[in-house]
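If you want the building blocks of each chain, they are given just below.
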Amino acid sequence: MTFKVATTRDLMNAAGEPIFDPALFDLLKANPGIEWEWLPEDVTEITPDIAARYDAIHINLPRVTAASVGRDDCRVKIFARNGVGFDTVDLEACKTKGIAVTNTPIAIRRPVAVAALTLIFALSGKLFKKDRIVRDGRWNDRVDHMGTGLTGRTLGMIGAGGIGQELIPLARPFFKEIQVCDPYVEAEVFQRLDARKASFDEVLGAADFLLVACPLNDETRHMIDADAFRRMKPTACFVNVARGPIHDEAALADALSSGEIAAAGLDVTEQEPISPDSPLLAMENTIITPHALCWTDECFDDIARTALQSILDVSEGREPVHRVI
């Protein structure tokens, strides 16, 4: 029987080409029984009809709900997430149906770590403010936009999983100290990386740059709330490259406008796309990118290669790597 595979259309650019190297689809040709196509529908959620047509779905943003896989004619054997997050997939529903869910945690580590540093450097150097004064013909205003040096400062991190452990060695030469809150990582890991394991309160109080790099779950949702911002230094910058709902966006806007913190760099927002009415968009002390700062050709090629290999493995009866369930 043919093993039917679809890739969701949000992985296609305006020219109708994949946003990664098209040659990567050759991986699927290793199994002559695989039949691949772009998903004909452009959807925000996998429908039961779609799940009844395919054995595997290479998926980016569309949600997978209990209803997606709830019918008896559900054919899907694997949802291969094109990325590290899986909060858009109902894992319990897939587990009940015996459907594998995979992600690509290794491929994303270096690109997201570099994206985090990009935001930190842009905030510390006041990059966008300096760009703006040049474009506005205010060259001599540069004396009013002094940057913040890093060698005497502390980087505080919430989360030290794969991305965090990739980032610490990259950031270490620039900072006086790195403090990290992650109760699930052993102290020996931090010793090896020359970082200090600290409590949540300690990190909030010490950080000159507070970086969020942890998963979104019930424990971390709105972890960075109004109280957390109040406990930070008024000179501190907040950076989130993980998931938007980890911070309370209304509280962040209040903290920025009141001067409780100095600035923010966000590659993620609570609502994506961010609402055009968000007060953050009018603030000059924010940098906001569209959950895509890590998107490079290398990044997307590596992600797609991992996801498509997982599909090939399942099609040939092998256990896929990076299986979430």
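Computed from a prediction, not measured in an experiment: that's the story for all the values here. In this convention, every chain numbers its residues from 1, walking through the sequence in written order. Per-residue local features of the predicted model are confined to residues with pLDDT of at least 70, and side-chain atom pairs are confined, for both listing and counting, to 80 or more; whole-chain, interface and lining totals are unaffected and use all residues. Note: side-chain values were computed over all heavy atoms of the structure, leaving out hydrogens and water.

### Side note on the layout of surface pockets
A probe as big as a water molecule, rolled over the atoms, marks out the empty space that is left. The calculated volume of the second largest pocket comes to roughly 280 Å³. Cavities and pockets were defined on a 1 Å grid built from protein atoms only: a cavity is a group of points that admits a 1.4 Å probe but offers it no way out, a pocket is an open group of points flanked by protein on both sides within 12 Å along at least five of seven lines, and a lining residue is one with an atom within 4 Å of any such point. Lining the second largest pocket are 19 residues; nearest its centre among them are Leu123, Lys126, Lys129, Ala263 and Asn285. Helical segments are the DSSP runs of H or I of at least four residues, strand segments are the runs of E of at least two, and each set is numbered from the N terminus. Only α3 (105-124), α4 (127-135) and β12 (286-288) provide two or more residues apiece to the lining of the second largest pocket. When residues of the lining of the second largest pocket are assigned to their parent elements, the largest contribution, four residues, is made by α4. Grid points are joined across faces, edges and corners, and a volume is the space filled by probe spheres set on the points.

### Remarks on the sheet that holds strand β3 (residues 56-59)
Neighbouring strands of a sheet are bound in pairs by backbone hydrogen bonds; such pairs are parallel or else antiparallel. Pairing between two strands requires that DSSP report at least two bridges joining them. Pairing within the open sheet is parallel, and its five strands lie in the order β2-β1-β3-β4-β5. With one partner strand each, in any of the chains shown, β2 (34-38) and β5 (100-102) form the two edges of the open sheet. Going across the sheet, the axis of each strand differs from the next one's by a mean of 15°, ignoring polarity. Here strand β1 (residues 3-7) pairs with β3 via three bridges, running parallel. Paired with Ala6 across the two strands is Ile57, which belongs to β3. Against the sheet, helix α10 (residues 297-315) contacts β1, β2, β3, β4 (78-81) and β5, and its axis sits at roughly 165° relative to β4. Every axis in this analysis is a line fitted to C-alpha atoms, fitted for helices over the stretch in contact. Angles between the N-to-C directions lie between 0 and 180 degrees. Contacts are assigned to residue pairs that have any heavy atoms within 4.5 Å of one another.

### Observations regarding the packing of α3 against helix α5 (residues 162-171)
At a closest axis distance of 8 Å, the pairing of α3 and α5 adopts a crossing angle of 55°. When the axes of α3 and α5 are compared, the pair comes out oblique. In terms of crossing hand, the pair formed by α3 and α5 is right-handed. Taken together, the residues of α5 that come into contact with α3 (itself represented by Ile108, Arg109, Arg110, Val112, Ala113, Ala116 and Leu117) are Gly162, Ile163, Glu166, Leu167, Leu170 and Ala171. Split into classes, the residues belonging to the contact of α3 with α5 amount to nine nonpolar, one polar and three charged. Reported orientations rely on four angle classes, namely roughly parallel under 35 degrees, roughly antiparallel over 145, roughly perpendicular from 65 to 115, and oblique for the rest. It is the rotation of the near helix from the far one that decides the hand of a crossing: anticlockwise by less than a right angle makes it left-handed, clockwise makes it right-handed. Any residue that is not Ala, Val, Leu, Ile, Met, Phe, Trp, Tyr, Cys, Pro, Asp, Glu, Lys or Arg is counted as polar, Gly included; the first ten are nonpolar and the last four charged.

### Brief notes about the nonpolar core
Put simply, buried Ala, Val, Leu, Ile, Met, Phe, Trp, Tyr and Cys residues joined by side-chain atoms within 4.5 Å make one nonpolar core. Buried residues are those whose accessible area, probed at 1.4 Å on protein chains only, stays under 20% of the maximum for their type, while exposed residues exceed 50% and partly exposed ones sit between those limits. In terms of nonpolar packing, the biggest core is built from 57 residues, with Leu155, Ile178 and Ile311 touching the most fellow members. Of all the elements, α3 adds the most residues to this core, at eleven residues. Setting aside its immediate chain neighbours within four residues, Ile311 contacts Phe3, Val5, Leu28, Ala56, Ile57, His58, Ile78 and Ala80. Grouped together as the second largest cluster of nonpolar side chains are 28 residues, Leu216, Met232, Ile246 and Ala251 included.

### Quick look at the pairing of strand β10 (residues 237-240)
Residues Cys237 and Val239 of β10 are buried on one face, and the alternating residues Phe238 and Asn240, pointing to the opposite face, are buried as well. Sheet analysis places strand β9 (residues 209-212) next to β10, joined by four bridges and oriented parallel. Residue pairing for β10: Leu211 is matched across the bridge by Val239. Looking at chain direction, β10 and strand β11 (residues 263-266) are connected through four bridges and run parallel.

### Overview of α10
In a helix, the anticipated span is given by 1.5 Å times the number of residues less one. Helix length check: α10 (19 residues) gives 27 Å between terminal C-alpha atoms against 27 Å at 1.5 Å per residue, within 8%. Just past α10, the residue Gly317 takes up positive phi, approximately 80°.

### Considerations on the environment of Asn31
Within the secondary structure layout, Asn31 lies in the loop between β1 and β2. On the basis of relative accessibility, which here comes to 13%, the residue Asn31 falls in the buried class. N or O atoms closer than or at 3.5 Å make up a polar contact, with two conditions inside protein: a donor-capable atom paired with an acceptor-capable one, and, for residues adjacent in sequence, both atoms drawn from side chains. In this structure the side chain of Asn31 is engaged in a polar contact, spanning 2.8 Å, whose partner is the backbone nitrogen of Gly33.

### Quick word on the side chain of Thr286
Tracing the backbone through its elements, the reader meets Thr286 in strand β12. Among the residues examined, Thr286 registers a relative accessible area of 14% and is labelled buried. Within the local environment of Thr286, its side chain forms a polar contact with the backbone oxygen of Met283, the two atoms lying 3.0 Å apart.

### Notes on the packing of aromatic side chains
In this scheme Phe, Tyr and Trp rings, the latter by its six-membered ring, pair at centre separations within 6.5 Å, and the angle between planes marks the pair as stacked below 30 degrees, edge-to-face above 60, and tilted otherwise. Enumeration according to the criterion identifies eight aromatic pairs in this entry. Each member of the aromatic cluster is reached from another via a ring pair, and the members are Phe20, Phe25, Trp36 and Trp38.

### What about the pattern of salt bridges?
In the sections that follow, a salt bridge refers to a side-chain nitrogen of Lys or Arg positioned within 4 Å of a carboxyl oxygen of Asp or Glu. On inspection of all chains with the given rule, the structure shows 23 salt bridges. With a shortest N-O distance of 3.2 Å, Lys29 and Asp26 are connected by a salt bridge. Asp26 gets classed as partly exposed once you look at its relative accessible area, which sits at 41%. The salt bridge partner of Asp136 is Arg138, with a shortest N-O separation of 3.4 Å. Salt bridges sharing partners connect three or more residues here, namely Asp201, Asp227, Arg230 and Arg231.

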